[in-house]
Amino acid sequence: MKVPFSYLDRQFADVEDYLHDIRALVKSGDFTLGKPLTEFEERFAKRAGMPHAIGVGTGTDALILPMKLSGIGPGDEVITTTMTFYATVGAIVATGARPVLVDSEDGLMIDPEKIEAAITPRTKAIVTVTFSGNIPDLDRIKAIADKRGLMIFEDSCQSIGGEFNGRPMGSWGEAAAYSLHPLKNLNVWADGGVVTTRSAELARKLRLYRNHGLVNRDEIEFFGINCRLDTLQAVVANRLLPQLDFITQTRIKNAAYYDAAWADIPEFVKPPLRRPGVKHVYHLYMVRAKDRDGLLAFLQQRGIEAKVHYPKPIHLQPAAAYLGYKPGTFPKAEADCRSIITLPAHQHLTREELDFTIHSVHCYYNGSK
Ligand SMILES: *Cc1c(COP(=O)(O)O)cnc(C)c1O
């Protein structure tokens, strides 16, 4: 049986409604900014529980822009976790700042214990990451940031719909960054990103910056760039938004189904720590597995598209060589990168596919392979 990781063909098997909306857009000629984008931003803000949402070109832009507009640049240091997708750190580098990496904890989240030691007089901000959809201890991180006068930026690209202690993403930082990439939980038909913020002034600057700094047709307030969210993608996103509850709830249900299946093999398969108060949206369903590489090969050979996110932490990437980290610097993340595995848990899996994956994992460990 094939258990696919990608679900795009299932999700978009019937696209008539989308095409109907796109035809209307083509007829209107409203291809940049315009009504569908404004409508999407208003609806997204409401869903994300923040007063302001600004559509930008990518999730990476959604990280870079708020940092730049908050004054982060060359000479500054920004702390983040080594256990993340490359774009978190790439965005820090794109502002001109130097990334300072920190080890992760049992939940694969940035370890708050390790943050203080990484702070120097040049530190300006902390970028928190909700890697996999789990959420770090944002209350503790906020307390550290407040005490040391640092800003927080939230990389929420993997946690749309996530909450911590009843508060939505973006509640702790200057801004939260979301990605609408085709493999994210809310996935449009190309690249796309959204920034949410509580700050009306940051929101105003973001709207100008993504559109050359234009305050009107003939005047720019400051020099900006062009990284608007495509209006066509806003049309797709408007169709998708009503599905977000189904997407989130199904992923949460699938994760609980998997979790229960490992209860009898805790020595082989263990979910990472999930703190009370976290609404984990399972962008990636990750577990730590004994003999991970053997399990991965076994599952793949049976047609189950398990993956590893990611086998090599940021500090050991060739791109990070200039930062001077050596193997052994972040032992927790390095060990986890050898044991984590991501199983398909998306909203379009059938019960048979989930059961086949569970059965296959058990087969691997009870030797009936
Ligand atoms: C996907 C992702 C990004 C970047 O989003 P893009 O839309 O691909 O630019 C940033 N951070 C994390 C954690 C991500 O998963």
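Predicted, not measured: the structure shown is a model, and the values here were computed from it. (Residues numbered from 1 in each chain as written. Predicted model: local features only at pLDDT ≥ 70, side-chain atom pairs only at ≥ 80, totals over all residues. Heavy atoms only, no water.)

1. A short note on the layout of surface pockets
The cut-off we apply is this: The definitions used throughout rest on a 1 Å grid laid over the protein atoms alone, on which a cavity is an enclosed set of points accommodating a 1.4 Å probe that cannot get out and a pocket is an open set flanked by protein within 12 Å on both sides along at least five of seven lines; lining residues are those having an atom within 4 Å of a point. Grid points are joined across faces, edges and corners, and a volume is the space filled by probe spheres set on the points. Only DSSP runs of H or I with at least four residues qualify as helices, and only runs of E with at least two residues qualify as strands; both kinds are numbered from the N terminus onward. The classification used treats Ala, Val, Leu, Ile, Met, Phe, Trp, Tyr, Cys and Pro as nonpolar, Asp, Glu, Lys and Arg as charged, and all other residues, Gly among them, as polar.
In this structure, the largest pocket spans a volume of roughly 500 Å³. If you trace the largest pocket, you find 32 residues lining it, with Gln158, His181, Lys184, His283 and Tyr310 closest to the centre. Those elements that place two or more of their residues in the lining of the largest pocket are helix 4 (59-69), helix 5 (86-94) and strand 15 (340-343). For the lining of the largest pocket, the element with the most residues is helix 4, which contributes three residues. Its residues placed into classes, the lining of the largest pocket shows 14 nonpolar, 14 polar and four charged.

2. Some words on the environment of leucine 19
So the rule is basically this: Each residue's exposure class comes from its accessible area (1.4 Å probe, protein chains only) as a fraction of the maximum for that residue type: buried when under 20%, exposed when over 50%, partly exposed otherwise.
Mapped onto the elements of the fold, leucine 19 is located in helix 2 (residues 16-28). Residue class for leucine 19 comes out partly exposed when judged on its relative accessible area of 29%.

3. Considerations on the site of the ligand
Applicable threshold: The nearness test applies per residue and asks whether one of its heavy atoms lies within 4 Å of the molecule or strand. Polar contacts, as counted here, are pairs of nitrogen or oxygen atoms within 3.5 Å of one another; within protein the pair requires one atom able to donate a hydrogen and one able to accept it, and residues that are adjacent in sequence qualify only if both atoms are side-chain atoms. With residues, only the protein chains shown are counted as cover, and all accessible areas are computed by Shrake-Rupley using a 1.4 Å probe. The way we define it, a molecule is inside a pocket or cavity when more than half of its atoms are within 2 Å of that pocket's grid points.
In the neighbourhood of the ligand, 14 residues make up the surrounding shell, with Thr60, Asp155, Gln158, Ser179 and Lys184 lying closest. In the environment of the ligand, an oxygen atom lies 2.8 Å from a nitrogen or oxygen atom belonging to the backbone of glycine 59. Here a nitrogen atom of the ligand sits 2.7 Å away from a polar atom, N or O, in the side chain of aspartate 155. Contact with the protein chains removes 93% of the 380 Å² of surface that the ligand exposes when unbound. Spatially, the ligand is embedded in the largest pocket. It is helix 4 that contributes the most residues to the shell around the ligand, three residues altogether. Looking at the shell around the ligand, its residues break down into four nonpolar, eight polar and two charged.

4. Structural notes on the pairing of strand 15
For clarity, the cut-off: Only strands joined by at least two bridges in the DSSP assignment are considered to pair.
Residues Ile340 and Thr342 line one face of strand 15 and the alternating positions Ile341 and Leu343 line the opposite face, and both faces are buried. In this structure, strand 14 (residues 285-289) lies alongside strand 15, joined through four bridges in antiparallel fashion. Across the sheet, valine 287 pairs through a bridge with isoleucine 341, a residue of strand 15.

5. What about the environment of glutamate 42?
Position of glutamate 42 among the secondary structure elements: in helix 3 (residues 34-48). The exposure class of glutamate 42 is exposed, given its relative accessible area of 55%. As for glutamate 42 and leucine 183, which are separated by 141 residues in sequence, their C-alpha atoms are 23 Å apart.

6. With respect to the sheet that holds strand 2 (residues 77-81)
Our working definition: As a rule, the C-alpha atoms of each element are fitted with a line to give its axis, helices using only the stretch in contact, and angles between N-to-C directions run from 0 to 180 degrees.
Spatial ordering of the open sheet is given by 1-9-8-5-4-2-3, a layout of seven strands whose pairing is mixed. The sheet terminates laterally at strand 1 (52-56) and strand 3 (98-102), the two strands that pair on one side only. Between one strand axis and the next, the sheet turns through 25° on average, direction left out of account. Relative to strand 9 (residues 193-197), strand 8 (residues 175-179) is paired through four bridges, and the arrangement is antiparallel. Counted as the bridge partner of alanine 176 is threonine 196 from strand 9.

7. Describing the environment of valine 195
Which entries qualify depends on this criterion: Contacts are residue-level and defined by heavy atoms, with any inter-residue pair within 4.5 Å sufficient.
On the secondary structure map, valine 195 appears in strand 9. Residue valine 195 is classed as buried on the basis of its relative accessible area, which comes to 0%. Distance from valine 195 to lysine 290, taken between C-alpha atoms, is 38 Å for residues 95 residues apart in sequence. If near-sequence neighbours (up to four positions away) are discounted, valine 195 is found in contact with His52, Ala53, Ile54, Val56, Ala62, Pro66, Ala175, Ala176 and Leu206.

8. Here we look at the pairing of strand 5 (residues 151-155)
Successive residues of a regular strand alternate their side chains across the two faces of the sheet. Note the cut-off: Whether a crossover is right-handed depends on one test, that the path from the first strand over the helix to the second runs clockwise when the strands point away from the viewer.
Across the five residues that make up strand 5, a large majority, five, are buried. Judged by which residues are buried, strand 5 turns out to be covered on both faces: Met151, Phe153 and Asp155 on one side and Ile152 and Glu154 on the other are all buried. Here strand 4 (residues 123-129) runs beside strand 5; their pairing, made up of five bridges, is parallel. Looking at the pairing, isoleucine 126 lines up with isoleucine 152 of strand 5. Handedness of the crossover joining strand 4 and strand 5 through helix 7 (residues 138-148) is recorded here as right-handed. Relative to strand 8, strand 5 runs parallel, the two sharing three bridges. Across the sheet, the residue bridging to aspartate 155 is alanine 177, located in strand 8.

9. A short note on the packing of helix 4 against helix 5
Operational definition: Two helices crossing with the near one rotated counterclockwise from the far one by less than a right angle form a left-handed crossing, whereas a clockwise rotation gives a right-handed crossing.
Between helix 4 and helix 5, the least distance of the axes is 9 Å, while the angle of their chain directions is 35°. For the pair helix 4 and helix 5, the sense of crossing is right-handed. Listed contacts from helix 5 to Thr60, Leu63, Ile64 and Met67 of helix 4 are Ala87, Thr88, Ala91, Ile92 and Ala94. Residues of the contact of helix 4 with helix 5, tallied by class, amount to seven nonpolar, two polar and no charged.

10. With respect to empty space enclosed by the protein
Empty space among the atoms becomes apparent when a probe as large as a water molecule is rolled across them. For the record, the criterion: What counts as a domain boundary in this text is fixed by an automatic or database domain assignment.
If you walk through the whole model with that rule in mind, you get three cavities of 30 Å³ or more. Here the largest cavity defines a volume of roughly 50 Å³. Along the walls of the largest cavity sit Gly107, Leu108, Ser132, Asn134, Pro272, Leu273, Arg274, His280, Tyr282, Leu284 and Met286, which together make up its complete lining. Partitioned by chemical class, the residues of the lining of the largest cavity number six nonpolar, four polar and one charged. Split by domain, the residues of the lining of the largest cavity number at least three in each of domain 1 (8-242) and domain 2 (243-366).

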